[in-house]
Amino acid sequence: MALRRPVYLDAETLMALSDYHDLDVAQLTEVVEKSSKKRSAKATAGWGMLSGGGELGKDVELQTSYTIEPSEKATVSKVIDGLIAAGHTVEASPDATLQKDDIIEVEGEVRLTAASLAGKMLYVLRKYLESTDQDIRELDFGDVEPEVLALFQSVYLGNELVPIPLLVDVAGTELGPRVLVNLRPNLFVESAMIDQIEGERRILGTIRNIVEEGNDGYLSTENWLLSGWEYLLRRMVMTQIDHTVQDLVDALAIDLPAKDVHAWISGPAIILDAVAIY
């Protein structure tokens, strides 16, 4: 097998899989770095009934990637090869029988979903709310004020990764169900950012959720939309978020497929927890 060069790596989980399946390989050391930038938005900022003057005085935490040495890249490749060669992974095929926690390698076109695009904005909004005296009972996700929209755009134009999980779509796999992948924060390798995750990639992951087909086949995307939000506040916001994600995407003039993931994932679909992307 060829040497893999991961752009995303959950080293802890990869080595746990290696240990569980008795693969004899050297251990990896995971190094994660974080930074923060203070955001500032002058004048009144808010969405619909949500309004408040002043500045965004909270630090917005960003994530930076970490480095793995050439010998560690070889270890990653050996573990993945070992898992596949020993039959510990499920072969990606249209008639594959899939179960929760199965290990699988898929290949396809990776693209960030609207749920994660909006999730980044909602993360910044939450940081803004922490610095104001807003009544959470009056939250209304209507029109985005220009000042806050500019704040959102700075996160995107700077290609910054905030510390929330991301949800990506993988098109063109060999599997029957739609494939989506959960990316934990702070696991991007070297200088990798989301634009380097997108594109033709192979992904090793474990099955997190299986969304069945039919009227009951759906899964909320609140873990990606509202990561870090308090439970009861999540419940309140999700009751009115059905069109919010599309409104936010439209506000930024982002062209996404008509069936892109917004507030819900409809079946048949599987969601993987990414272990490595290369």
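The following paragraphs examine the structure supplied in this document. (Residues numbered from 1 in each chain as written. Predicted model: local features only at pLDDT ≥ 70, side-chain atom pairs only at ≥ 80, totals over all residues. Heavy atoms only, no water.)

Focus on the overall build of the chain
Moving on, step 1. Broken down by element type, the chain carries eight helices and eleven strands.
Moving on, step 2. The 278 residues of the chain split such that 51% are buried.
Moving on, step 3. The contacts of the chain with a sequence gap of at least 6 include a subset with a gap of at least 24, amounting to 80%.
Moving on, step 4. Surface accessibility of the chain: about 13200 Å² in total, with carbon and sulfur atoms responsible for 47%. (Helix = DSSP H or I, 4+ residues; strand = E, 2+ residues; numbered from the N terminus. Buried < 20%, exposed > 50% of the residue type's maximum accessible area, 1.4 Å probe, protein only. Contact = heavy atoms within 4.5 Å. Areas by Shrake-Rupley, 256 points an atom, 1.4 Å probe, with all protein chains shown as cover.)

Quick notes on helix H7 (residues 231-238)
Moving on, step 1. Within the span of H7, buried status applies to Leu-233, Arg-234, Val-237 and Met-238. Seen end-on, H7 carries its buried residues on one side only, within an arc spanning 130 degrees. Facing away from the buried side of H7 by over 90 degrees, the exposed positions are Tyr-231 and Leu-232.
Moving on, step 2. Turning to H7, the residues buried within the fold contact strand E9 (218-220) and helix H6 (222-225).
Moving on, step 3. Capping the start of H7, Glu-230 holds a side-chain oxygen 2.8 Å from the backbone nitrogen of Leu-232, two or three residues further along. (Arc of directions from axis to C-beta. Polar contact = N/O pair within 3.5 Å; in protein donor to acceptor, adjacent residues only side chain to side chain.)

Some details on the pattern of salt bridges
Moving on, step 1. Scanning the entire structure with this criterion turns up eight salt bridges.
Moving on, step 2. Between Asp-81 and Arg-4 there is a salt bridge, with the nearest N and O atoms lying 2.6 Å from each other. With Asp-81 in helix H2 (residues 70-85) and Arg-4 in the segment before strand E1 (8-9), this pair connects stretches of sequence that are 77 residues apart.
Moving on, step 3. Classification of Asp-81 by relative accessible area gives partly exposed; the value is 21%.
Moving on, step 4. Notably, a salt bridge pairs Arg-184 with Asp-10, separated by 2.9 Å at the nearest N-O pair. Of this pair, Arg-184 sits in the loop between strand E7 (178-183) and helix H5 (194-197) while Asp-10 sits in the loop between E1 and helix H1 (11-20), and the two are 174 residues apart along the sequence.
Moving on, step 5. Several salt bridges share partner residues, and in doing so they unite Arg-111, Asp-169, Arg-178 and Asp-260 into one network. (Salt bridge = Lys/Arg side-chain N within 4 Å of Asp/Glu carboxyl O.)

Observations regarding the nonpolar core
Moving on, step 1. Core analysis: the largest hydrophobic core is formed by 50 residues, its most contacted members being Val-181, Leu-183, Leu-225 and Ile-265.
Moving on, step 2. Residues within four places of Ile-265 in sequence aside, it is in contact with Leu-167, Leu-180, Val-211, Gly-217, Tyr-218, Leu-219, Thr-221, Trp-224 and Ile-271. (Core = buried A, V, L, I, M, F, W, Y, C linked by side-chain atoms within 4.5 Å.)

Let's talk about the pairing of strand E5 (residues 103-112)
Moving on, step 1. In terms of residue burial, E5 counts as a mostly covered element, since seven of its ten residues are buried.
Moving on, step 2. With two bridges joining them, strand E4 (residues 89-90) and E5 adopt parallel strand pairing. Its bridge partner being in E5, Thr-89 is matched across the sheet by Ile-103.
Moving on, step 3. Where E5 lies against strand E8 (residues 199-211), eight bridges are found, and the strand directions are antiparallel. If you follow Val-110 over to E8, its bridge partner there is Gly-199.
Moving on, step 4. Two elements, E5 and strand E6 (residues 166-171), share four bridges in a ladder whose sense is antiparallel. (Pairing = 2+ DSSP bridges.)

Details of a negative patch on the surface
Moving on, step 1. A grouping of Glu-107, Glu-109, Glu-174 and Glu-200 is seen on the molecular surface, where their side chains present a negatively charged patch.
Moving on, step 2. Summarising the element assignment, Glu-174 is placed in the loop between E6 and E7. (Patch = residues over 30% accessible without salt bridge, like charges linked within 9 Å, V, L, I, M, F, W, Y side chains within 5 Å. Lys, Arg positive; Asp, Glu negative; His and termini not counted. Charge placed at Lys NZ, Arg CZ, Asp CG, Glu CD.)

Some words on unusual backbone geometry
Moving on, step 1. The omega angle of the peptide bond from Gly-267 to Pro-268 is 0 degrees, so this bond is cis rather than trans.
Moving on, step 2. Structurally, the position occupied by Pro-268 is in the loop between strand E10 (264-266) and strand E11 (269-277).
Moving on, step 3. Phi angles above zero are rare outside glycine, and Asp-22 is one such case at about 60 degrees.
Moving on, step 4. As for its placement among the helices and strands, Asp-22 is situated in the loop between H1 and strand E2 (33-38).
Moving on, step 5. Judged by relative accessible area, Asp-22 falls into the exposed class, the value being 70%.

Side note on the pairing of E11
Side-chain positions along a regular strand alternate between the two faces of the sheet.
Moving on, step 1. With eight of nine residues buried, E11 is to be regarded as a mostly interior element.
Moving on, step 2. Across two bridges, the pairing between E1 and E11 is antiparallel. Looking across to E11, one finds that Leu-9 is bridged to Ala-276.

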